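Next come the chains, spelled out residue by residue.
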Amino acid sequence: PHLAALVLARGGSKGIPLKNIKLLAGVPLIGWVLRAASDAGVFHSVWVSTDHDEIEKVAKQFGAQVHRRSPEVSQDSSTSLEAIREFLNHHHEVDIVGNIQATSPCLHPSDLIKVADLIQKEGFDSVFSVVRRHQFRWSEVKKGENKMTEPQNLNPAKRYRRQDWPGELYENGSFYFAKRHLIEKGYLQGGKMAYYEMRAEHSVDIDIDIDWPIAEQRVLSFGYFGKEPLKEVKLLVCSIDGCLTNGRIYVTEDQKEMVSYDYRDLVGIDLLKKRGIQVRLISDRDCSKTLSAMQLGCVAKVSATNKLQVLEDWQKDIGLSWKEVAYLGNEESDVECLKKAGVSGVPADACAVAQKAAGYICKSSGGCGAIREFAEHIFLLLEKANSARKQ
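Residues numbered from 1 in each chain as written. Predicted model: local features only at pLDDT ≥ 70, side-chain atom pairs only at ≥ 80, totals over all residues. Heavy atoms only, no water.

J.: Can you help me understand the packing of aromatic side chains in this one?
T.: For any pair of aromatic rings, the description rests on two quantities: the centre-to-centre distance and the angle between the ring planes. If you walk through the whole model with that rule in mind, you get seven aromatic pairs. Both rings, one in Phe-43 and one in Phe-177, keep their centres 6.0 Å apart while their planes meet at 35°; by these two values the pair is tilted. Separated by 134 residues along the polypeptide, Phe-43 in the loop between α1 (29-40) and β4 (45-50) and Phe-177 in strand β8 (residues 168-179) bring together distant segments of the chain. The class for Phe-43 is buried, based on a relative accessible area of 13%. (Phe/Tyr/Trp six-rings, centres within 6.5 Å; stacked < 30°, edge-to-face > 60°. Helix = DSSP H or I, 4+ residues; strand = E, 2+ residues; numbered from the N terminus. Buried < 20%, exposed > 50% of the residue type's maximum accessible area, 1.4 Å probe, protein only.)

J.: Sorry if this is basic, but what is going on with the domain arrangement of the protein here?
T.: Interfaces are often sized by the accessible area lost when the parts come together. What the domain assignment lists for the protein is domain 1 (1-133 + 165-220) and domain 2 (233-388). Computed from C-alpha atoms alone, the centre-to-centre distance between domain 1 and domain 2 is 35 Å. Facing nine residues of domain 1, the contacting portion of domain 2 comprises eight residues. When residues of domain 1 are sorted by the area they lose upon contact with domain 2, Gly-26, Gln-61 and Leu-220 head the list and together hold 55% of the total. Linking domain 1 with domain 2 are one salt bridge. Ionic pairing is found between Lys-363 and Glu-216, a salt bridge with its closest N-O pair at 3.3 Å. In this assembly, domain 1 and domain 2 are joined by one residue pair in polar contact (both at pLDDT 80 or more). (Domains from an automatic or database assignment. Contact = heavy atoms within 4.5 Å. Buried area = accessible area lost by both parts, 1.4 Å probe. Salt bridge = Lys/Arg side-chain N within 4 Å of Asp/Glu carboxyl O. Polar contact = N/O pair within 3.5 Å; in protein donor to acceptor, adjacent residues only side chain to side chain.)

Structure below.
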């Protein structure tokens, strides 16, 4: 049976404009689930249903196919079921739909693999995600009603300790898998049903976690970052023009060049060095005099006609795997380096092809704190890797 992953991503959002492609920890929100779906390896196709050009562009960057949904199922009042049924009407090859919510950025491929087995091998018609909560519920008393609240799932005279109570299962909205015949009858849950219990730390819902910085910290701690395990980053290579500087060159009357840089980036470089991470610089042009004036104390290669070759030479000389190399670039000449590096990033104002190749897009522009921000991103990834190794 053809199992398709389908992410519904409407352009309209009452809370956060274009929330589905807003950067969360340096990755468009929808990118987190598309990466997990792709790496799970259980889907015959991965789709995004959208009515917006920018969302379509991001979806394709992450390797998804795009279904342009009609205005009729793109309204505020439109339901997920309506959008899924429209998708099936246009894709008769699909037998099973795995509807994955774009707002669940901590979804892991391992969860999707197990759910695919439930529906393909064990014969379930529908499977949906739940999370276990240990919360006591009370009946609601509406304003003006003259009555008392009542306990719903506890005895106040004998309250459970957490360790003595298994808790309750709640839908977390991360995904809903269902077979075609069920959806065509108007159900996402029905027939032979099963739930799949996700770990609490992976049940991050952006619709609920309104505080974006808190959601970012959750994702950095518990999100899925790729197939290969993270390793200790030992080298950061940074493009000079457009990353260390803002890319502008000022020429004085006596034909001397001047550039500007941000002190925060110097602090970022210093912090990296203190953590034992080498920092090296690279440039397409000859800016040796500028580098000498900056007195950064970093190995640099200028007039580099082939940045990837320089990066490969450094990687081999130091004896590092690609997972131990980080790269910050901003131009087309940086794309191949961004693709090779284990951790890659670009400033906010990098060109489109560089943004597409990078794993992290900074909020800061080049020459305005991007290196410091990328350094903090590397530190958070290292903390995540250390935590995973301890577990």
